[in-house]
Amino acid sequence: MNRFSIAAGPVDVAPLRARLLHERAGAFAAFEGWVRNHNDGRPVAGLRYEAYVALAEAEGERIVREALERFGALDACCVHRVGDLAIGELAVWVGVSAAHRDVAFDTCRWIIDEVKSRVPIWKHERYLDGQADWLHPRQTHPAGSGD
Amino acid sequence: MMVRVTLLYFASLRDAAGAASETLESDASDLAALYAETRLRHGFALPSEHLRVAVDGAFAAWTDAVRDGTEIAFIPPVSGG
């Protein structure tokens, strides 16, 4: 089964957590990204995520695989929403199982950071004042990516 | 040499282009030159240094040649998570 997927509808996290259960696991760490009602001091009414799905899923799989190799966790998976999301909705979920908590925390943190910098997903924010805009943060691309 | 390619646009680039994709013929020497042509035509604000480029669903280099029949995506800075 894929370890990274793009979801067009609400995400049920219970089966995601269940698939990471492992007899050798003594730790599980998860990260949930939620839609908040403000960004950069501006009140946000809601947002839409758009992805280049084929490339996002390929890059997401690569990130999770790299994370498992790098930190030695037992398993991990990540789901990212696309479409229209309301305040408070789950936008992204990362879960990691590992023998010990340090590895679970480190792997989880690394995955969400890499997803945010590498996976072709874009956020379109709608503000309470009626304006809306795409977020295109300036960033440096991680070394070694793009090939 | 003229090649025929499909361009995919996302986020602010799609808004500026007014379409999610288009098919066109180009004799651009590489992907950077193709983006420069396209940027001029659609008035994209972002320079190529801020973007990445993908060919047929895989990240590519701006110096890669433009190959006939390929699907090329210009990737604006991402903001998932």
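Structure: see above.
Residues numbered from 1 in each chain as written. Chains lettered and ligands numbered in written order. Predicted model: local features only at pLDDT ≥ 70, side-chain atom pairs only at ≥ 80, totals over all residues. Heavy atoms only, no water.

For the rest of this paragraph, the subject is the overall build of chain A. The number of helices and strands found in chain A is three helices and nine strands. Along the chain direction, N to C, the helices and strands of chain A fall in the order β-α-β-β-β-α-β-β-β-α-β-β. Taking 15 Å as the expected radius of gyration for a compact globule of 147 residues, we find that chain A reaches 16 Å, a close match to that expectation. Sequence separation of 24 or more characterises 75% of the internal contacts of chain A that already satisfy a separation of 6 or more. Within the structure as shown, chain A displays about 7,700 Å² of accessible surface, and the carbon and sulfur contribution to it stands at 49%. Distance from the positive charge centre (18 side chains) to the negative charge centre (21 side chains) of chain A: 1 Å. (Helix = DSSP H or I, 4+ residues; strand = E, 2+ residues; numbered from the N terminus. Rg over C-alpha atoms; globule rule 2.2 N^0.38 Å. Contact = heavy atoms within 4.5 Å. Areas by Shrake-Rupley, 256 points an atom, 1.4 Å probe, with all protein chains shown as cover. Lys, Arg positive; Asp, Glu negative; His and termini not counted. Charge placed at Lys NZ, Arg CZ, Asp CG, Glu CD.)

The extent of an interface is frequently quoted as the accessible surface area lost upon association of the parts. Contacts between chain B and chain A engage 24 residues on the former and 27 residues on the latter. In total, chain B and chain A occlude about 2,200 Å² of area from one another, counting both sides; carbon and sulfur atoms represent 57% of this. Taken together, chain B and chain A are joined by one salt bridge. With a shortest N-O distance of 2.6 Å, Arg14 of chain B and Glu50 of chain A are connected by a salt bridge. Inspection of the region where chain B meets chain A yields 13 residue pairs in polar contact (both at pLDDT 80 or more). For the side of chain B that touches chain A, the secondary-structure elements that each account for two or more residues are helix H1 (11-17), strand S3 (52-55), strand S4 (58-60) and strand S5 (71-75) of chain B. Within the side of chain B that touches chain A, the residues separate by chemical class into 14 nonpolar, six polar and four charged. (Buried area = accessible area lost by both parts, 1.4 Å probe. Salt bridge = Lys/Arg side-chain N within 4 Å of Asp/Glu carboxyl O. Polar contact = N/O pair within 3.5 Å; in protein donor to acceptor, adjacent residues only side chain to side chain. Nonpolar A, V, L, I, M, F, W, Y, C, P; charged D, E, K, R; others polar.)

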